[in-house]
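Coordinates in review
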Amino acid sequence: MTENPTRHSRPARFKRLRALPPWSLAAAGVLAGGLLGGAYGVLKPPTYTATSYVIAVPTQSSDSAAAVGFAQAYGRVATDLAVLGDAQVWAGVPVNTLRGSVRTATSPDAPMVAVSATSGRPARAADMANAVARSLAQHANATKADTHVELVQFSRAPRPTAPTSASPVVTGLVGASAGGLLGALVLLVRPRRRPEEEAGSDAGRRPAAVPGPAVASDAHGQL
């Protein structure tokens, strides 16, 4: 009958794992995580973000508070299909690309909507942001007779000159932190040495006792 070699290799692996110093697992996790994070930052293509701003202007029949409220409402509908359907013509990209790349932000104190677009190409990011902002203003102004609020493009999105994605240094630090945390968790759940093994190892390292010389009375009794 042939014995399974893995049955004998598993206890040996556990013994080697228990014999490692506690700090080695955390150090290995930090090193591996830093290398993987840095490699991810180097290999991943950079991304660029451009932002265009539109502002809600109240007419004579409205006030600034209403403009702030409508600005927040327009920010929520900026990524709807009706707005993106017209914006795709000016941006030159499909609607799905706009939906996945465009984000909006509003302020509770200012009647302004920020339209941001992210792309691997700086010029495309600016085109998408400007196209969505233009389409949003047109859709909002189509009902300004009822809302008494006009949406005006406050500033066009310039072409970004620097990527907004994380640099390899940042991704490396994030990876090192995650690796160190994972190593610490492995350190907490790793198998610990049993008391009998510690006693056996201490006995193996303890020097053998040397018998002392017999006392005179004992030697006389043996003669």
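This report concerns the structure included in the present document.

Brief notes about the overall build of the chain
Looking only at helices and strands, one finds 10 helices and 4 strands in the chain. Going from N to C terminus, the chain has its helices and strands arranged as α-α-β-α-α-α-β-β-α-α-β-α-α-α. Within the chain, counting contacts between residues at least 6 apart in sequence, those at least 24 apart form 78% of the total. Just so you have it, the chain exposes about 14,400 Å², and 62% of that area is on carbon and sulfur atoms.

Points about the packing of helix 4 (residues 81-91) against helix 6 (residues 122-141)
Running from N to C, helix 4 and helix 6 point in directions that differ by 135°, and their axes come no closer than 8 Å. When the axis of helix 4 is compared with that of helix 6, the two are oblique. Note that helix 4 runs across helix 6; the crossing there is right-handed. Contacts between helix 4 and helix 6 involve Ala82, Val83, Leu84, Asp86, Ala87, Trp90 and Ala91 from the former and Asp127, Met128, Ala131, Val132, Arg134, Ser135, Leu136, Gln138 and His139 from the latter.

Structural notes on the pairing of strand 2 (residues 102-106)
In this sheet, strand 3 (residues 112-119) lies alongside strand 2 in antiparallel orientation, the contact comprising 5 bridges. Bridge pairing in strand 3 places Arg103 opposite Ser116. Adjacent in sequence and paired antiparallel, strand 2 and strand 3 are bridged by 5 residues.

Thoughts on the sheet that holds strand 3
Strand order in the open sheet formed by 4 strands is 2-3-1-4, and the pairing between neighbours is antiparallel. Strands at the two margins of the open sheet, each flanked by one partner only, are strand 2 and strand 4 (149-155). For this sheet, the mean angle separating the axes of adjacent strands, direction not counted, is 25°. Each of strand 1 (48-58), strand 2, strand 3 and strand 4 is contacted by helix 6, which is oriented at about 145° to strand 3, the strand it contacts most.

Looking at helix 3 (residues 64-77)
For helix 3, which comprises 14 residues, the first-to-last C-alpha distance of 20 Å matches the rise-based estimate of 20 Å (1.5 Å per residue) to within 8%. Within the span of helix 3, buried status applies to Ala67, Val68, Ala71, Tyr74 and Gly75. One face of helix 3 carries all of its buried residues, which in axial projection span an arc of 125°. Opposite its buried face, helix 3 presents the exposed residues Ala65 and Arg76, each directed more than 90 degrees away. Buried residues belonging to helix 3 abut strand 1, strand 2, strand 3, helix 6, helix 7 (144-147) and strand 4.

Reading the values: the criteria
Residues numbered from 1 in each chain as written. Predicted model: local features only at pLDDT ≥ 70, side-chain atom pairs only at ≥ 80, totals over all residues. Heavy atoms only, no water. Helix = DSSP H or I, 4+ residues; strand = E, 2+ residues; numbered from the N terminus. Contact = heavy atoms within 4.5 Å. Areas by Shrake-Rupley, 256 points an atom, 1.4 Å probe, with all protein chains shown as cover. Axes fitted to C-alpha atoms, helices over the stretch in contact; angles between N-to-C directions. Parallel < 35°, antiparallel > 145°, perpendicular 65-115°, else oblique. Left-handed = near helix turned anticlockwise from the far one by under 90°. Pairing = 2+ DSSP bridges. Expected span 1.5 Å × (residues − 1). Buried < 20%, exposed > 50% of the residue type's maximum accessible area, 1.4 Å probe, protein only. Arc of directions from axis to C-beta.

Keep in mind these numbers describe shape, not what the thing actually does.
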